[in-house]
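Remarks on the overall topology
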Amino acid sequence: MVLTNIMCTAQGPGTASLADSWSSQHGLTNVLVLGDTTDYMYNNFAGAVGGGYPFTMVVDLRTMELVYHDIGDVQEARSAIDSVIENTQECDP
């Protein structure tokens, strides 16, 4: 599972320096923070929920399913993470 914060804006693409600044400011050591330098994430995901910071995505790496994406609500993101963890089954060798 991967928890990602995407830095994107309605005024144009995000930048790596914006992502680095956000990550440092909020002490995000176990979260990927990426700058959407192409506006793809804003145009296809964040814009649909109003855009803004932080735009959080939870991806189940076993299925590559996007299980959560929204702005701001940490509790809902945590709920999505907990759900993925609860439904994780051990893989057969």
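That block above? That's the structure.
So, here's what we can say about the structure. Nothing here was measured: the structure is a model prediction, and the numbers come from that model.

What follows is about the environment of S17. Inspection of the secondary structure assignment puts S17 in helix 1 (residues 16–25). With 18 residues separating them along the chain, S17 and G35 place their C-alpha atoms 7.7 Å apart.

Taking 1.5 Å of rise per residue, 13 residues should cover 18 Å, and helix 3 (residues 74–86) covers 18 Å from first to last C-alpha, within 8% of that figure. Burial in helix 3 covers these residues: A77, A80, I81 and V84. Along the long axis of helix 3, the arc covered by the buried residues comes to 100°, so they all point the same way. Of the exposed residues in helix 3, the ones pointing more than 90 degrees away from its buried face are Q75 and E86.

Under the criterion given, the structure shown has one salt bridge. The salt bridge partner of R62 is D60, with a shortest N-O separation of 2.6 Å. Residue R62 is classed as partly exposed on the basis of its relative accessible area, which comes to 44%. Judged by its relative accessible area of 6%, D60 falls in the buried class.

Another point: helix 1. If you check which residues of helix 1 are buried, you get A19, W22 and S23. Projected onto a plane normal to the axis of helix 1, the buried residues spread over an arc of 100° and lie on a single side. When the buried face of helix 1 is taken as reference, the exposed residues oriented beyond 90 degrees from it are S17, D20, S24 and Q25. One or two steps after helix 1, the chain reaches G27, where phi turns positive at roughly 60°.

On to the pairing of strand 4 (residues 65–71), then. Two strands pair when backbone bridges link them, and strand 3 (residues 55–60) and strand 4 are joined in this way by six bridges, in the antiparallel orientation. Each residue of the ladder has a partner; that of V59, found in strand 4, is L66. Following strand 3, the chain reverses through four residues before pairing antiparallel with strand 4; M64 in that reversal takes a positive phi of roughly 60°.

A few words now on unusual backbone geometry. Non-glycine residue D39 carries a positive phi angle of around 70°. Assignment of secondary structure puts D39 in the loop between strand 2 (32–35) and helix 2 (40–44). For M64, which is not a glycine, the phi torsion comes out positive at approximately 60°. With respect to the helices, strands and loops of the structure, M64 is situated in the loop between strand 3 and strand 4. Classification of M64 as exposed rests on a relative accessible area of 58%.

Cut-offs used in this document
- Residues numbered from 1 in each chain as written.
- Predicted model: local features only at pLDDT ≥ 70, side-chain atom pairs only at ≥ 80, totals over all residues.
- Heavy atoms only, no water.
- Helix = DSSP H or I, 4+ residues; strand = E, 2+ residues; numbered from the N terminus.
- Expected span 1.5 Å × (residues − 1).
- Buried < 20%, exposed > 50% of the residue type's maximum accessible area, 1.4 Å probe, protein only.
- Arc of directions from axis to C-beta.
- Salt bridge = Lys/Arg side-chain N within 4 Å of Asp/Glu carboxyl O.
- Pairing = 2+ DSSP bridges.

All we've got here are geometric facts, nothing functional implied.
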